[in-house]
Amino acid sequence: MKILRLFLAIAFLATASSALASPSSLISGDPQEVPIKGMVTMVDVGAKACIPCKMMIPVIESLSEEYEGRAAIVFIDVWKNPDETPKFGLRAIPTQIFYDKDGKEVMRHEGYFSKEEIIKVLTKLGVE
């Protein structure tokens, strides 16, 4: 009986954790509901095919792993999902948009943005 309860608990936890957005799903390029509720969120809106956007990919992947559970790092590919463009009021790609924990946009940057500079913004927003 204990083994059955343990198995059911493990199955429940696996199901519950898969319902949460994983870092890889947030940077898939697919449309996302942003900002993520209750978390500082950085959205990189670009395209996997544009040159400065390609330069951002390793930065976004690294930040997504490093800040998992502390901040939401999201990538949305607007060449694959052109309907997303008007939602963000873009003038250029890539554009990084930062939201505080309350979901208020607090900063925007256009073009390549280094990992170090992004970390400064996240730190300023209270992410440790």
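Nothing here was measured: the structure is a model prediction, and the numbers come from that model.

K.L.:
Explanation requested: the state of the cysteines in the structure shown.
P.N.:
Working definition of a disulfide: a covalent bond connecting the sulfur atoms of two cysteines. Applying the stated rule across the entire model yields one disulfide. Across the disulfide from Cys50 sits Cys53; the S-S distance is 2.1 Å. Negative torsions about the S-S bond denote left-handed disulfides, and the value of about 85° found for Cys50 with Cys53 makes this one right-handed. Accessibility expressed as a relative area gives 9% for Cys50, which makes it buried.

K.L.:
Sorry if this is basic, but what is going on with the pairing of strand 4 (residues 105-110) here?
P.N.:
For a regular strand, side-chain orientation follows a simple rule: the groups alternate between the two sheet faces. The pairing of strand 3 (residues 95-99) with strand 4 spans five bridges and is classified as antiparallel. Across the sheet, the residue bridging to Gln96 is His109, located in strand 4. Where strand 3 folds back onto strand 4 in an antiparallel hairpin, the turn is made up of five residues, including Gly103, whose phi is positive at roughly 85°.

K.L.:
It is not clear to me how the packing of aromatic side chains should be interpreted in this structure. Could you clarify?
P.N.:
Here a ring pair, both rings aromatic, is described through the centre-centre distance and the interplanar angle of the planes. According to the stated counting rule, one finds one aromatic pair in the structure shown. Residues Phe98 and Phe113 carry aromatic rings whose centres are separated by 6.1 Å and whose planes lie at 75° to one another, so their mutual orientation is edge-to-face. With Phe98 in strand 3 and Phe113 in the loop between strand 4 and helix 5 (115-124), the pair connects residues that are 15 residues apart, well separated along the chain. In terms of burial, Phe98 and Phe113 fall into one category: buried. Note that Arg70 overlies the ring of Tyr67, its terminal NZ or CZ placed 4.5 Å from the centroid.

K.L.:
I tried to follow the environment of Lys101 on my own but got confused; where do I start?
P.N.:
Relative to the elements of secondary structure, Lys101 occurs in the loop between strand 3 and strand 4. As a C-alpha pair, Lys101 and Ala71 span 30 residues in sequence and 9.0 Å in three-dimensional space.

K.L.:
Is there a simple way to explain the confidence of the model for the protein chain in this structure?
P.N.:
Caution is warranted with low-pLDDT regions, since their predicted coordinates should not be read in detail. Averaged over all residues, the pLDDT of the protein chain equals 83, while 80% of them reach at least 70. Here residues 1-20 is modelled with pLDDT under 50, and outside its nearest four sequence neighbours on either side it reaches zero contacts, counting other chains as well.

Reading the values: rules and limits
Residues numbered from 1 in each chain as written. Predicted model: local features only at pLDDT ≥ 70, side-chain atom pairs only at ≥ 80, totals over all residues. Heavy atoms only, no water. Disulfide = S-S within 2.5 Å. Buried < 20%, exposed > 50% of the residue type's maximum accessible area, 1.4 Å probe, protein only. Pairing = 2+ DSSP bridges. Helix = DSSP H or I, 4+ residues; strand = E, 2+ residues; numbered from the N terminus. Phe/Tyr/Trp six-rings, centres within 6.5 Å; stacked < 30°, edge-to-face > 60°. Lys NZ or Arg CZ within 6 Å of the ring centre and 35° of its normal. pLDDT = per-residue confidence, 0-100. Contact = heavy atoms within 4.5 Å.

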